[in-house]
Amino acid sequence: SRGLGDVYKRQALSIYLGMLVKKLREQDKKKTTMLQEFQDQAQKQAEYYKESIVIIAKATISGDCETSEACLRIKKLLEYFPKISKEEEFEIIEKMFAELKDFSYLDDRKKLSKQEAYQQDKSRFQVEEKYKTDFVNSLEKLVTRFESMN
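A brief report on the enclosed structure follows. Residue positions within a chain follow its written sequence, with the count starting from 1. For a predicted model such as this one, the threshold for reporting local features is a pLDDT of at least 70, and the threshold for listing and counting side-chain atom pairs is 80 or more; totals across whole chains, interfaces and linings nevertheless cover every residue. The side-chain figures draw on all heavy atoms in the structure; neither hydrogens nor water molecules are used.

### Description of the overall build of the protein
Link 1 in the chain: Helix and strand counts for the protein stand at 6 helices and 0 strands.
Link 2 in the chain: Here a strand is any run of E in DSSP of at least two residues, a helix any run of H or I of at least four, and the numbering for each starts at the N terminus. The helix and strand sequence of the protein, counted from the amino end, reads α-α-α-α-α-α.
Link 3 in the chain: Against the compact-globule benchmark of 15 Å for 150 residues, the protein has a radius of gyration of 28 Å, which places it well outside the compact range.
Link 4 in the chain: Categorising residues by exposure relies on relative accessible area from a 1.4 Å probe, with only protein chains included: less than 20% of the type maximum marks a residue as buried, more than 50% marks it as exposed, and the intermediate range marks it as partly exposed. Here the protein, with 150 residues, has 28% of them falling under the buried criterion. Radius of gyration means the value over C-alpha atoms here, while the globule rule gives 2.2 Å times the residue count to the 0.38 power.

### Some remarks on the packing of aromatic side chains
Link 1 in the chain: Pairing of aromatic rings covers Phe, Tyr and Trp, the last through its six-membered ring, and needs centres within 6.5 Å; plane angles under 30 degrees mean stacked, over 60 mean edge-to-face, and all others mean tilted. Scanning the model with the defined rule gives 4 aromatic pairs in all.
Link 2 in the chain: On the basis of an interplanar angle of 75 degrees and a centroid distance of 4.8 Å, the ring pair of tyrosine 49 and tyrosine 80 is categorised as edge-to-face. Taken together, the residues tyrosine 49 in helix 1 (residues 4-61) and tyrosine 80 in the loop between helix 2 (67-78) and helix 3 (82-85) connect sequence positions 31 residues apart.
Link 3 in the chain: Assessed through its relative accessible area of 31%, tyrosine 80 is described here as partly exposed.
Link 4 in the chain: Their ring planes at 80 degrees and their centres at 5.3 Å tell us that tyrosine 80 and phenylalanine 81 sit as a pair that is edge-to-face.
Link 5 in the chain: Looking at phenylalanine 81, the relative accessible area reads 11%, which means it is buried.
Link 6 in the chain: Put simply, the rings of Tyr48, Tyr49, Tyr80, Phe81 and Phe146 touch in pairs and so form one group of aromatic residues.
Link 7 in the chain: The cationic tip of lysine 75 hangs over the ring face of phenylalanine 97; the distance from NZ or CZ to the ring centre is 5.1 Å. The criterion is that NZ of a Lys, or CZ of an Arg, lies within 6 Å of the ring centre and within 35 degrees of the ring normal, and then a charge sits over that ring.

### Remarks on helix 2
Link 1 in the chain: Taking 1.5 Å as the rise per residue, helix 2 with 12 residues should run 16 Å; its terminal C-alpha atoms sit 16 Å apart, in good agreement.
Link 2 in the chain: By the criterion of burial, helix 2 is predominantly enclosed, with 9 of the 12 residues buried.
Link 3 in the chain: Taken together, the buried positions of helix 2 are occupied by Thr67, Ser68, Ala70, Cys71, Leu72, Ile74, Lys75, Leu77 and Leu78. Multiply 1.5 Å by the residue count of a helix minus one, and that product is the helix's expected span.

### Considering the state of the cysteines
Link 1 in the chain: Put simply, a disulfide is two cysteine sulfurs that come within 2.5 Å. All chains considered together, the criterion is met by 0 disulfides.
Link 2 in the chain: Here cysteine 65 stays unpaired: no disulfide links it, and the sulfur of cysteine 71, its closest cysteine neighbor, is 11 Å away.

### Topic: the environment of aspartate 64
Link 1 in the chain: Relative to the helices and strands, aspartate 64 resides in the loop between helix 1 and helix 2.
Link 2 in the chain: Looking at aspartate 64, the relative accessible area reads 65%, which means it is exposed.
Link 3 in the chain: In the analysis that follows, any N or O atom pair within 3.5 Å is treated as a polar contact, provided that within protein one partner can donate a hydrogen and the other can accept it, and provided that, for residues neighboring in sequence, both atoms belong to side chains. Looking at aspartate 64, its side chain comes within polar contact range of the side chain of serine 62, at 3.1 Å.

### Digging into the environment of leucine 72
Link 1 in the chain: By secondary structure assignment, the location of leucine 72 is in helix 2.
Link 2 in the chain: The sequence separation of leucine 72 and leucine 13 amounts to 59 residues, and the corresponding C-alpha distance is 63 Å.
Link 3 in the chain: Setting aside its immediate chain neighbours within four residues, leucine 72 contacts Phe97, Leu100, Lys101 and Tyr105. Residue contacts follow a heavy-atom distance rule, with two residues in contact if any of their heavy atoms lie within 4.5 Å.

### Overview of the packing of helix 4 (residues 91-100) against helix 6 (residues 114-148)
Link 1 in the chain: Contact pair helix 4 / helix 6: the axes reach a minimum separation of 9 Å and the direction vectors enclose 155 degrees. Classed by the angle they form, the pair helix 4 and helix 6 counts as roughly antiparallel. Between helix 4 and helix 6 the crossing geometry is left-handed. For the pair helix 4 and helix 6, contact is made by Ile92, Ile93, Lys95, Met96, Glu99 and Leu100 and by Arg124, Val127, Glu128, Lys130, Tyr131, Asp134, Phe135, Ser138 and Leu142, respectively. Here an angle of 0 to 180 degrees is reported between the N-to-C directions of two axes, which are lines fitted to C-alpha atoms, with helices fitted over the stretch in contact. Each angle gets one of four labels, with under 35 degrees taken as roughly parallel, over 145 as roughly antiparallel, 65 to 115 as roughly perpendicular, and the rest as oblique. A crossing counts as left-handed when the near helix is turned anticlockwise from the far one by less than a right angle, and as right-handed when that turn is clockwise.

Here it is as C-alpha cells:
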C-alpha cells in the first residue's frame, strides 16, 4: 500500500517546485529591472550624443568651432545614429572626414616638427575651405533634425 511515504514525497516535491517557481519569478523580475536600467542608460547616452552634436554644430555654424574639428567630432558621434549618418544630406560629413582622418591630432601633433605641423595645417585649411559651405548647410539640417527628435 502506498501510504504516508508517498504523501510526504509529494509534499516535498510540491515545496521544492514552489521554491523553484519563486526563484524563477525573482530572476524574471531582476532581468526586467536590469533590462529597464540598460534601456534607460542607452536613452541617456543617446540624449547626450544628440545634445553634443547640436552644441558642436551650432558652435561651428556661428564660427566658434573650426569645421575640421566639428567634422571629426560629429562623425564619431553620428556613429551612434547609423540611419541618420547614412542619409544623403549628411554624406558631406563622411566625405570631409575621409580627407581629415589621417592628420595628426593631440599628442601625435605635438610630436610633429614645426614644418610638418604647418604643412598639415595648410592642407587641413584647404579641406575646410573646400567643404565649408556644404558642411555648414549639412550642420544646419542636422541641428533641425536632432532638435525635432525631442
